[in-house]
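As a plain string of letters, each chain reads:
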Amino acid sequence: MADTTRDITTLPMSRPRGILVAKRGSLAWLGVVPFFLYTTLFLLLPALWLTTDAFRSPTGGYTFSFIQKLFQSQYENAFFTSIRISLVTALVGGIFGLFVAYAALREDVPRWVRPLLTTYSGVAANFAGVPLAFAFVATLGGAGLVTQFLARFGLDIYARGFSLYTFTGLTITYVYFQLPLMILIIIPSLEGIKREWREAATNLGATHTQFWRHIGLPILFPSLLGAMVLLFGNAFSAYATPYALTSGSVNLVPILIGNVTSGEVVADPNLGDALALGTIVIISISVVIYALLQRRSDKWLRR
Amino acid sequence: MPGLKLQGLHKQFGEVVALRTLDLAVESGEFVSLLGPSGCGKTTALRIVAGFEHADEGRILVGDKDITDVPANRRDMGMVFQSYSLFPNMTAQQNVEFGLRIRKQRSAERARRASELLDLVGLASATGRYPHQLSGGQQQRVALARALAIEPSVLLLDEPLSALDAKVRVQLREEIRRIQTQLGITALYVTHDQEEALSVSDRVVVLSHGQIEQVGTPAEIYGEPQTVFVAAFIGTMNRIEATVRADPSGAVESAGHRLPVHAARNWTSGLHVLMLLRPEVIDLRPLQGDTSAGGEAMTGNVKSHTFLGPVTRVQVSTPIGDLMVDVPSVEALSVSIGARVSLTWDPASPRLIELPAGAENVVGPAAIIAEDELQPA
Ligand SMILES: Nc1ncnc2c1ncn2[C@@H]1O[C@H](COP(=O)(O)OP(=O)(O)OP(=O)(O)O)[C@@H](O)[C@H]1O
Ligand SMILES: [Mg+2]
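From a predicted model like this one, the values you see are computed outputs, not experimental measurements.

Parameters and conventions
- Residues numbered from 1 in each chain as written.
- Chains lettered and ligands numbered in written order.
- Predicted model: local features only at pLDDT ≥ 70, side-chain atom pairs only at ≥ 80, totals over all residues.
- Heavy atoms only, no water.
- Helix = DSSP H or I, 4+ residues; strand = E, 2+ residues; numbered from the N terminus.
- Contact = heavy atoms within 4.5 Å.
- Areas by Shrake-Rupley, 256 points an atom, 1.4 Å probe, with all protein chains shown as cover.
- Lys, Arg positive; Asp, Glu negative; His and termini not counted.
- Charge placed at Lys NZ, Arg CZ, Asp CG, Glu CD.
- Pairing = 2+ DSSP bridges.
- Axes fitted to C-alpha atoms, helices over the stretch in contact; angles between N-to-C directions.
- Buried area = accessible area lost by both parts, 1.4 Å probe.
- Salt bridge = Lys/Arg side-chain N within 4 Å of Asp/Glu carboxyl O.
- Polar contact = N/O pair within 3.5 Å; in protein donor to acceptor, adjacent residues only side chain to side chain.
- Core = buried A, V, L, I, M, F, W, Y, C linked by side-chain atoms within 4.5 Å.
- Buried < 20%, exposed > 50% of the residue type's maximum accessible area, 1.4 Å probe, protein only.
- Phe/Tyr/Trp six-rings, centres within 6.5 Å; stacked < 30°, edge-to-face > 60°.
- Lys NZ or Arg CZ within 6 Å of the ring centre and 35° of its normal.

(A) Up close: the overall build of chain B. When its secondary structure is counted, chain B shows 9 helices and 20 strands. Put simply, 67% of the contacts in chain B that link residues at least 6 apart link residues at least 24 apart. In the structure as shown, chain B presents an accessible area of about 16,100 Å², 49% of it carried by carbon and sulfur atoms. Positive and negative charge centroids in chain B, built from 35 and 44 side chains respectively, lie 8 Å apart.

(B) Broad picture of the sheet that holds strand β19 (residues 340-345) of chain B. Residues and elements named next belong to chain B. Spatially, 5 strands are ordered β15-β19-β16-β17-β18 in an open sheet, and the strand pairing comes out antiparallel. Edge positions in the sheet fall to β15 (282-286) and β18 (321-328), since each of these pairs with one other strand and no more. Between one strand axis and the next, the sheet turns through 45° on average, direction left out of account. Pairing geometry for strand β16 (residues 298-307) and strand β17 (residues 311-318), over 6 bridges, is antiparallel. In the strand pairing of β17, N301 is matched with S317.

(C) Here's a closer look at the environment of A:V137. Residues and elements named next belong to chain A. In this fold, V137 is placed in helix α5 (residues 130-140). On a C-alpha basis, the gap between V137 and T209 in space is 41 Å, while along the polypeptide they are 72 residues apart. Once residues lying within four places of it in the same chain are set aside, the contact partners of V137 are G144, L164, Y165 and L245.

(D) Here's a closer look at the interface of chain B and chain A. Contacts between the two partners involve 26 residues from chain B, matched on the other side by 22 residues from chain A. When the buried surface of chain B facing chain A is broken down by residue, B:N73, B:N89 and B:H132 rank first, second and third, together holding 25% of it. At the boundary of chain B with chain A, the tally comes to 1 salt bridge. For the salt bridge of A:E199 with B:R47, the shortest nitrogen-to-oxygen distance reads 2.7 Å. Counting across the interface, chain B meets chain A through 9 residue pairs in polar contact (both at pLDDT 80 or more).

(E) Highlighting the nonpolar core. Counting residues in each nonpolar core, the largest one holds 85 residues, and the members touching the most others are A:I215, B:L4, B:F87, B:F98, B:L156 and B:L188. Look past the residues within four positions of B:L188 in its chain and what remains in contact with it is B:L4, B:L24, B:V26, B:V32, B:L34, B:L46, B:V49, B:L155, B:L156 and B:L157. Formed by 32 residues, the second largest nonpolar core is a distinct cluster that contains B:A126, B:A149, B:L161 and B:I185.

(F) Geometry of helix α1 (residues 42-50) of chain B. All names here are of chain B. A large share of α1 lies buried, amounting to 8 of its 9 residues. Of the residues making up α1, those classed as buried are K42, T44, A45, L46, R47, I48, V49 and A50. Trailing α1 by a residue or two, G51 shows a phi angle of about 95°, which is positive.

(G) Quick look at the pairing of β19(B). Residues and elements named next belong to chain B. Sheet analysis places β15 next to β19, joined by 5 bridges and oriented antiparallel. Bridge assignment links L284 to a residue of β19, and that residue is L343. Summarising the sheet, β16 and β19 pair through 4 bridges and their orientation is antiparallel. Directly across from G300, in β19, lies its bridge partner V341.

(H) Region of interest: the packing of aromatic side chains. Tallied over the full model, the rule gives 16 aromatic pairs over all chains. Each ring, one from A:Y102 and one from A:W212, has its centre 5.4 Å from the other, and the planes form 85°; the classification is edge-to-face. Residue A:Y102 is located in helix α3 (residues 73-105), and its partner A:W212 is located in helix α9 (residues 208-236); the two are separated by 110 residues in the primary sequence. The class of A:Y102 is partly exposed, set by a relative accessible area of 23%. What links up through ring pairs into an aromatic cluster is the set A:Y102, A:F211 and A:W212. Sitting over the ring of B:Y84, A:K194 keeps its end group 5.7 Å from the ring centre.

In short, shape yes, function no, at least from these values alone.
Structure (structure tokens):
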């Protein structure tokens, strides 16, 4: 996965079920103590601390000034760009990842394809940050291998307006890890689509498309949605990749947070807290949207 | 209702031959079972008929229509799978309506038909439930209703009861038979459970290694097995290797003993045969001391008892090997283990099957009865 998984590890892929139904007197709940301890220490407490700091004036007392700053064009713009790149790469990576995973699981595909694909995806989904940035500079940069190769055939992509160091370039780079991440998380769900359902639908007269419309996609819907939220968060929180690639020329929230907390430009940790709080709000909204949409499938899901 | 014809179906998966030129005609409205051990090609045959698998050779006809090249979704066949085939995102009613929805029927019409069918399978009260809210047996009833909803030309069932417990299995198989008879629909039923096949079918097809061993009514399959395989596979059978004797009243010889068999009169003496004798046709009497009562076919010692409910299966050790004898359970109490007994049978009962010349130990000692064969047939 990308640089940080801090926010996304807690996203619900599907609702935990039955955790709270342990019988009275049973000690089964002991097993979840480490989990809650962990989330309290590393998620809830930092979030709480961050939230209060976002409202705390360096001179003492409380203030809304940092939150208000978020609505200044530079910061507002960063949020829009971050949301846009996260949405675009989640959709592109998600949709193509779904198709690749689907194609690899077909019965007429040789058996060795699958382990190869999952191994590759495991590696590629975790290939991010500075190494990934360099890999792309070496291939699609101004003097990159692919750029040079295309130029030799008369296609000078940089002359035609492409640049790796822009939003488009960054999008392509993000898709490099978004797509395999999608493959990794959607394969188990695709495998859950039973052959009997497909054959029963065919037997009853349905075409391939009709099967997917009435059965396949509705069943896959909760997992797809969860995967998309995961990809969204994954892109939103990416820091090292865009930093190494664009050195800040594309205005993204994590890079701003980096700037104001590391003090390279101006150290303003409280503004960093406010930006992080904004991020938490965005991610929370995406989880709420997920939960609302997912409710549709709730009635037939096993509880 | 049209009949179904399979003509010279051949199917190979790599090296494995799943079907070897299978020919079968199912009459209109007939209930035919494909019965055989695991891996004999039953499912393959059914899937070829349904169109999920393509035969390397051979044709499939429904009525006079050749459907070999018709895609699976236009074959109009109702299929009931082994388990888990209901669409989990649809209620029982929606599942049953699915085929009609695909056929663009009006929703009022669909709903009427669905409730009619759910009523037929005895699930009128479960229309709004999702598959996970139904028991295994109920799910299979819905699956049956769903398959019938499209008014299929042929009903195909692939071990639809094998995931259910014994009691539900018996109840549901009778219901499937009742509904099939009521609708007069042609049905092809796959099972590896001989009791199931024999109890519900008009005819049973016994398969082994992708080939038909015997086709016949349940009574024919049970009472007149034509091959060594069928004799061994159906029910419990005492199998005794013997040689036909020149004897006007009919007899064979095994391990130096004369065994009365009327059927032997029609066979050339010296022929190497397998004598088949059901446990229930042998009469067992306790003997006092070592004396022979006279007139019995064989004497032996009781080796073990297996209680099967109304009868007890007694294993008797004899000079021609161990024989299985079914004794009414009330009488079985008087024959203790080790007791000396006489065995008699009506010479008209045993059947003979010719063994290939020179075949030695085709079936091993007189009767090898595996544990799993010890079921009431
Ligand atoms: N898709 C396949 N690929 C390779 N071999 C197959 C395939 N399907 C079936 N076979 C082989 O063909 C033979 C017949 O299989 P089939 O499933 O028809 O048996 P069956 O009689 O239904 O057995 P069971 O009672 O276990 O269901 C078996 O040897 C099986 O291994
Ligand atoms: Mg099978």
